[in-house]
Amino acid sequence: MRAIALPHRSRQALLPATVLAIVGWGMTDAAAQSGQPATSQKGEIQWWKGTCEVPGANLEFVVVFRPADGGQYTATIDIPVQGAKDLPLTDVVLTAGEIRFTIPPPANAVFETQRAPDGKTATGELRQYGGKSPLRLERITEEQAKTAGPARPQTPKPPFPYQQREVTYENPKDRTKLAGTLTIPQGAGPHPAVLLITGSGAQDRDETIFGHKPFFVIADHLTRHGIAVLRVDDRGVGGSTGVRPDVTSADFAGDVEAGVAFLKQQPEIDARRIGLVGHSEGAVIAPLVAAKSRDVACIILLGGSGWPGDKLLILQNEALLRAAGTPDAEIQQHLKAHRAVHQCLRDGASEDKLRAAVRELVQVQWRTATGGKEPDAGQIDQAVELGLAQLGSPWMRWFLRHDPRESLRQVKCPVLALSGSLDLQVPPKENLPEVEKALRAGGNSEVTVKELPGLNHLFQEARTGAVEEYGAIAQTMSPVALDELTGWLQKQFKLGQ
């Protein structure tokens, strides 16, 4: 079954290429609030775990049915492997004989099952875009629901051989409060430290994605090897404030500067040995900060881009589509449609012209996602409005125009740039050479660039690098990648010497 992937909730690349999923791109809580509650059977909250046999994997999810007025139910669904949480469902039916619900447009995923005589299980099928997949539901407890989802064996567990401190500080430029966790090695300080910078989307301090917590894994590994780590909730996440409609990556760079200033004030931290580790968008932000701050001793770029955002989106979409086996003629249609949208933005085209370009892109993507099926006008209209909302954000417009090479040419501190050979979101063959070229063009001779074989954009050991693998892989981050960044930092900070 093919469908359209659920992207990050904000600051995402526009209308990403097709991947295997059962939830739809652009799905937001507000987009799924319609629909009527089901008839209530017992008036109690019920938790059900589901398993759906999609090609190449068993997809697990949890549905929560909650009593509503008039003896009815509402319901939400979590799909951990796809990063979906609390998505409202429509057309909900929960009776002694059947369970039905729908993820509304643009996903259009219909779940229908018949309950077993004991009422504890139900079997049926998932229907989406003309395809069908076997489906099984099992009633579980609230406690079991909390632990549902794929295993993540690398997630650190206490007790920890280091100190953890919950911290807050302020970005003085706009009074944004930033909250995070500072981990400090055992032993006498002052210790070297790094600040971790998340990728695109509103991320928590662990950069949680598909149940993985890569920044928690990195922080644990580095702190065990003598390096303090500050990881921070993005604006509007966890304990951080500062959500505004006009923020861009330049504002996030200001948040990082505030984090560096905070670290300098901590008695356990060596103010002369503070580095930055940025992943994806974070690898664009790190050079912005390092280019103008003498307080940054070194930076690590994980999956960083060497091209402006509009060029990167073309590279990303082509790589993802080719990995999905999309015919070349269709790929060219996608790229042509993307370029038309980007041209409208560069030229400051009228809203009508931009809307027409976005509509064409949406239609091309829909046909690929559904194997050539045509959607109804309402589905296209909804997707176009979501696309226009993304394009209208200051963050997206800044991202499309920003050329990271400009700040890279100004970075004078030591730099380590790592990419996975299977990274389809920031393809290394096209990006790593541009990163290195820009750094050296500015006279920086302390540059190390490595492409790590077999790793994807999250630095997991992967088979193809496709986005749908992220949640299916148990590993959060390859030990090879962890050792690369740890060893390089130890050398820069002269640990053990």
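Please refer to the structure placed before this passage.
The notes below deal with the structure included here. Computed from a predicted structure; not experimentally measured.

Rules used throughout
- Residues numbered from 1 in each chain as written.
- Predicted model: local features only at pLDDT ≥ 70, side-chain atom pairs only at ≥ 80, totals over all residues.
- Heavy atoms only, no water.
- Helix = DSSP H or I, 4+ residues; strand = E, 2+ residues; numbered from the N terminus.
- Buried < 20%, exposed > 50% of the residue type's maximum accessible area, 1.4 Å probe, protein only.
- Contact = heavy atoms within 4.5 Å.
- Salt bridge = Lys/Arg side-chain N within 4 Å of Asp/Glu carboxyl O.
- Pairing = 2+ DSSP bridges.
- Axes fitted to C-alpha atoms, helices over the stretch in contact; angles between N-to-C directions.
- Parallel < 35°, antiparallel > 145°, perpendicular 65-115°, else oblique.
- Left-handed = near helix turned anticlockwise from the far one by under 90°.
- Nonpolar A, V, L, I, M, F, W, Y, C, P; charged D, E, K, R; others polar.

### Observations regarding the side chain of T248
On the secondary structure map, T248 appears in the loop between strand 14 (228-232) and helix 3 (249-264). Exposure remark for T248: the relative accessible area of 11% places this residue in the buried category. Apart from residues no more than four positions distant in its own chain, T248 is found in contact with P394, W395 and W398.

### Notes on the pattern of salt bridges
For the structure shown, the criterion picks out 36 salt bridges. The shortest N-O distance in the salt bridge between E434 and K437 comes to 3.2 Å. Of this pair, E434 and K437 are both found in helix 11 (residues 428-441), 3 residues apart, which corresponds to roughly one turn of the helix. Since its relative accessible area comes to 52%, K437 is described here as exposed.

### Structural notes on the sheet that holds strand 17 (residues 415-420)
Spatially, 8 strands are ordered 11-12-14-13-15-16-17-18 in an open sheet, and the strand pairing comes out mixed. In the strand order of this sheet, the two ends are held by strand 11 (162-171) and strand 18 (447-452), each with one partner. Strand-to-strand twist of the sheet, defined as the mean angle between neighbouring strand axes without regard to direction, takes the value 20°. Bridge count between strand 17 and strand 18: 6 bridges; the pairing is parallel.

### Let's talk about the packing of helix 2 (residues 214-224) against helix 13 (residues 479-492)
It is at 10 Å that the axes of helix 2 and helix 13 come closest, and there the two elements cross at 45°. When the axes of helix 2 and helix 13 are compared, the pair comes out oblique. The handedness of the crossing between helix 2 and helix 13 is right-handed. On helix 13, the residues touching V217, I218, H221 and L222 of helix 2 are L482, D483, L485, T486 and L489. Per-class residue counts for the contact of helix 2 with helix 13 are 6 nonpolar, 2 polar and 1 charged.

Distances and angles like these do not, on their own, reveal function.
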